[in-house]
Amino acid sequence: MAVGHSVDPARWQPVFDDLMARVARRFARVEPRRRARAFVLGLLAELPRKNCWTIAEHAGDSSPAGMQHLLSRASWDADGVRDDIRDFVVEHLGNQDAFLVVDETGDLKKGTASVGVQRQYTGTAGRIENAQVAVYLVYSTPVGHAAIDRRLYIPRSCTQDPDRCRAAGIPDHTGFATKPALATEMIAQALDAGVTASWVTGDEVYGGDPHLSAELERRQVSYVLAVSRKRPIPTRAGVFTAGMLAHCLPKTAWQRLSAGDGAKGHRFYDWAQVEIDSPASSTGHRSLLIRRNRRTGELAFYRCYSAGPVPLSALVRVAGRRWTVEETFQSAKGRLTGLDEHQVRRWTSWHRWTTLAMLAHAFLVVTAAIERTTVTTPPGLAPLTCGEIQRLFTASAAPQPRGLAHWLNWSCWRRRHQARARSSHYQRQALQQS
């Protein structure tokens, strides 16, 4: 018998069915509910590119019209589905060591018609590009991590252009909100919904915002948020920048600790902790956490808050968990669940595509966690990853083979669409030159 004989994709089907049953009430009619299930299976399929065309072809439809209707005009509640995803993830992954992680990611775009697109910095490219940026909230535990909420960032230039907002379908009441404000809104909504998390963490974009940290302190939620080296830090000896404090520390202040497991083993850094002087009227304990790369000497800084003093090792563990949001983006994007492969332009379509991609990814994460905690991995094999589960589940749930007529129909549909697009392009070009 094969070494991997203990793997049985059939036991993953009830997990998928349970998740789809949870969201069924969010659809007004049975037709969009069934189409949403086919859409999610398409997102999980190993397609070279994931869009309404390829997903519809995979589902056996004769054209992409039905999938496009699902994203744009069908009656269903994407925010309600998001809430169901959150509850599903927390139910299966939740434990006392759960963290909330916030971060943004960008998708490179051409043109200016897509909702929220403008030239802006995105970490995806590492520079200023024409991009669409969204902020995500990730629920992270030792057994798995998945996105449980999302907010599309609408630049101020877009909110100040009513015609562009109207063309993109942005609701009239939507005003400009910074990325930290979007993160604060998501965290507050999750906590109000009963999600328990021992810590919140994020990068400098969120650590530099006073409103986010103030809201977390008001709720007595501990945090480790990255800040810049120029951040003023009040101490009993006076106010100094974070960078100045790091250079004043003695050698004995630094400890070598692991920030967690990486692809090549433990991620060891040198760490130090400096007490922050808090106002007498405030409660809680505040400190500055400093990380130093053992090879390059590069420094990183984190502002920390907790109800009482915590050991340095606990803060390091939280700071290291922030990287799970990057792992979430890497696994949810591309060929796994197509989070970034949407080819939609309007507000509603973006939220619906993103929500269904989050649903597909949540299924993979929860299934992987169940496998790791309930099934013994045979000696000599690595645990099942989301990628392996996707491949095996797709193979076991593959639709019936399509006849040649199905593929010929799609070939004609694509060529007809390409011909219309080419004709329209030449007509526009002729008008511009006349």
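Residues numbered from 1 in each chain as written. Predicted model: local features only at pLDDT ≥ 70, side-chain atom pairs only at ≥ 80, totals over all residues. Heavy atoms only, no water.

Visitor: Describe the nonpolar core, and please don't skip the residues or the numbers.
Guide: Judged by nonpolar contacts, the single largest core of 90 residues is most densely connected at Phe 39, Leu 100, Ile 187 and Phe 363. Setting aside its immediate chain neighbours within four residues, Leu 100 contacts Leu 137, Val 138, Tyr 139, Ile 148, Ile 187, Leu 191, Val 195, Ala 197, Trp 199, Val 200 and Thr 201. (Core = buried A, V, L, I, M, F, W, Y, C linked by side-chain atoms within 4.5 Å. Buried < 20%, exposed > 50% of the residue type's maximum accessible area, 1.4 Å probe, protein only. Contact = heavy atoms within 4.5 Å.)

Visitor: Describe the pairing of strand β5 (residues 199–202), with residues and values.
Guide: Going residue by residue along β5, you find Trp 199 and Thr 201 tucked away on one face and Val 200 and Gly 202 tucked away on the opposite face as well. Of the pairings in the sheet, the one linking strand β1 (residues 99–108) to β5 comprises four bridges and is parallel in character. Pairing of Val 101 across the sheet is with Thr 201, part of β5. (Helix = DSSP H or I, 4+ residues; strand = E, 2+ residues; numbered from the N terminus. Pairing = 2+ DSSP bridges.)

Visitor: Run through the pattern of salt bridges, naming residues and quoting values.
Guide: Throughout the structure, instances matching the rule amount to 30 salt bridges. The salt bridge involving Asp 61 is made with Arg 35; its shortest N-O contact spans 2.8 Å. Of this pair, Asp 61 sits in the loop between α3 (52–59) and α4 (65–72) while Arg 35 sits in helix α2 (residues 30–44); the two residues are 26 residues apart in sequence, bridging distant segments of the chain. The exposure class assigned to Asp 61 is buried, which follows from its relative accessible area of 18%. Here Arg 35 falls in the partly exposed class, since its relative accessible area comes to 29%. One salt bridge connects Arg 286 with Glu 217, and the closest N-O pair in it is separated by 2.7 Å. (Salt bridge = Lys/Arg side-chain N within 4 Å of Asp/Glu carboxyl O.)

Visitor: I'd love a proper account of α2, names of residues and values included.
Guide: For α2, with 15 residues, the first-to-last C-alpha span of 21 Å sits near the 21 Å given by 1.5 Å per residue. By the burial criterion, the buried members of α2 are Pro 32, Ala 36, Phe 39, Val 40, Gly 42, Leu 43 and Leu 44. Close packing links the buried residues of α2 with α1 (13–23), α3, α4, α14 (347–374) and α15 (386–396). (Expected span 1.5 Å × (residues − 1).)

Visitor: Explain the confidence of the model for the chain to me, using residue names and the numbers behind them.
Guide: This prediction gives the chain a mean pLDDT of 90; 97% of its residues lie at or above 70. Helix α16 (residues 404–433) is the least confidently modelled element of the chain, averaging 75 in pLDDT, while helix α8 (residues 179–192) averages 98, the highest of any element. Residue range residues 1–5 is modelled with pLDDT below 50. Its contacts to residues more than four positions away, or to other chains, number three contacts. (pLDDT = per-residue confidence, 0-100.)

Visitor: Give a detailed account of the environment of Gly 42, specifying residues and quantitative values.
Guide: Secondary-structure assignment places Gly 42 in helix α2. For Gly 42, a relative accessible area of 0% puts it in the buried group. Along the sequence, Gly 42 and Ala 59 sit 17 residues apart, while their C-alpha atoms lie 6.9 Å from each other. Each residue touching Gly 42, except ones within four places of it in the same chain, is listed here: Leu 47, Lys 50, Ile 55 and His 58.

Visitor: Run through the side chain of Lys 179, naming residues and quoting values.
Guide: Structurally, Lys 179 is set in helix α8. One buried charged side chain, Lys 179, makes no salt bridge at all; its nearest oppositely charged neighbour is Glu 104, positioned 4.4 Å away. In contact with Lys 179, not counting residues within four places along its chain, are Glu 104, Tyr 121, Val 133, Val 135, Tyr 153, Val 205 and Tyr 206. (Lys, Arg positive; Asp, Glu negative; His and termini not counted.)

Visitor: If you had to explain the packing of α3 against α4 to someone new, which residues and values would you point to?
Guide: Close contact between α3 and α4 brings their axes to 8 Å; oriented N to C, the two are set at 120 degrees. It follows that α3 is oblique to α4 by the angle criterion. Once α3 is placed against α4, the crossing between them reads as right-handed. Listed contacts from α4 to Cys 52, Trp 53, Ile 55, Ala 56 and Ala 59 of α3 are Met 67, Gln 68 and Leu 71. When grouped by side-chain class, the residues that make up the contact of α3 with α4 number seven nonpolar, one polar and no charged. (Axes fitted to C-alpha atoms, helices over the stretch in contact; angles between N-to-C directions. Parallel < 35°, antiparallel > 145°, perpendicular 65-115°, else oblique. Left-handed = near helix turned anticlockwise from the far one by under 90°. Nonpolar A, V, L, I, M, F, W, Y, C, P; charged D, E, K, R; others polar.)

Visitor: Please set out the layout of surface pockets residue by residue, giving values where relevant.
Guide: One number sums up the size of the largest pocket: a volume of about 940 Å³. Along its surface, the largest pocket is lined by 33 residues, and Pro 142, His 145, Asp 261, Thr 324 and Glu 327 are the ones closest to its centre. Secondary structure elements with two or more residues in the lining of the largest pocket: β4 (144–152), β9 (255–262), β10 (265–275), α12 (312–321), α13 (324–332), α14 and α15. When the residues that make up the lining of the largest pocket are grouped by side-chain class, the tally is 12 nonpolar, 14 polar and seven charged. For the second largest pocket, the lining is made up of 27 residues, of which Gln 68, His 342, Gln 343, Val 344 and Arg 345 are closest to its centre. Counted by class, the lining of the second largest pocket contains nine nonpolar, 11 polar and seven charged residues. (1 Å grid on protein atoms, 1.4 Å probe; cavity = no way out; pocket = protein on both sides within 12 Å on 5 of 7 lines; lining within 4 Å. Points joined across faces, edges and corners; volume = space filled by probe spheres on them.)

Visitor: Lay out the environment of Ala 134 in plain terms, naming residues and giving numbers.
Guide: With respect to the element layout, Ala 134 can be found in strand β3 (residues 127–141). For the pair Ala 134 and Arg 416, spaced 282 residues apart in sequence, the C-alpha to C-alpha distance is 34 Å.

Visitor: Give me the lowdown on the packing of aromatic side chains, citing residues and values where you can.
Guide: Counted by the stated rule, this structure contains 10 aromatic pairs. Seen in terms of ring centroids, Tyr 136 and Phe 329 are 5.5 Å apart; in terms of plane orientation they differ by 70 degrees. Their pairing is edge-to-face. Of the two residues, Tyr 136 is situated in strand β3 and Phe 329 in helix α13; the sequence distance between them amounts to 193 residues. Of the residues examined, Tyr 136 reaches a relative accessible area of 3% and is grouped as buried. For Phe 329, a relative accessible area of 6% puts it in the buried group. The residue whose ring lies beneath Arg 256 is Phe 268, and the NZ or CZ to ring-centre distance is 3.9 Å. The aromatic ring of Phe 99 is capped on one face by Arg 321, whose charged end is 4.0 Å from the ring centroid. (Phe/Tyr/Trp six-rings, centres within 6.5 Å; stacked < 30°, edge-to-face > 60°. Lys NZ or Arg CZ within 6 Å of the ring centre and 35° of its normal.)

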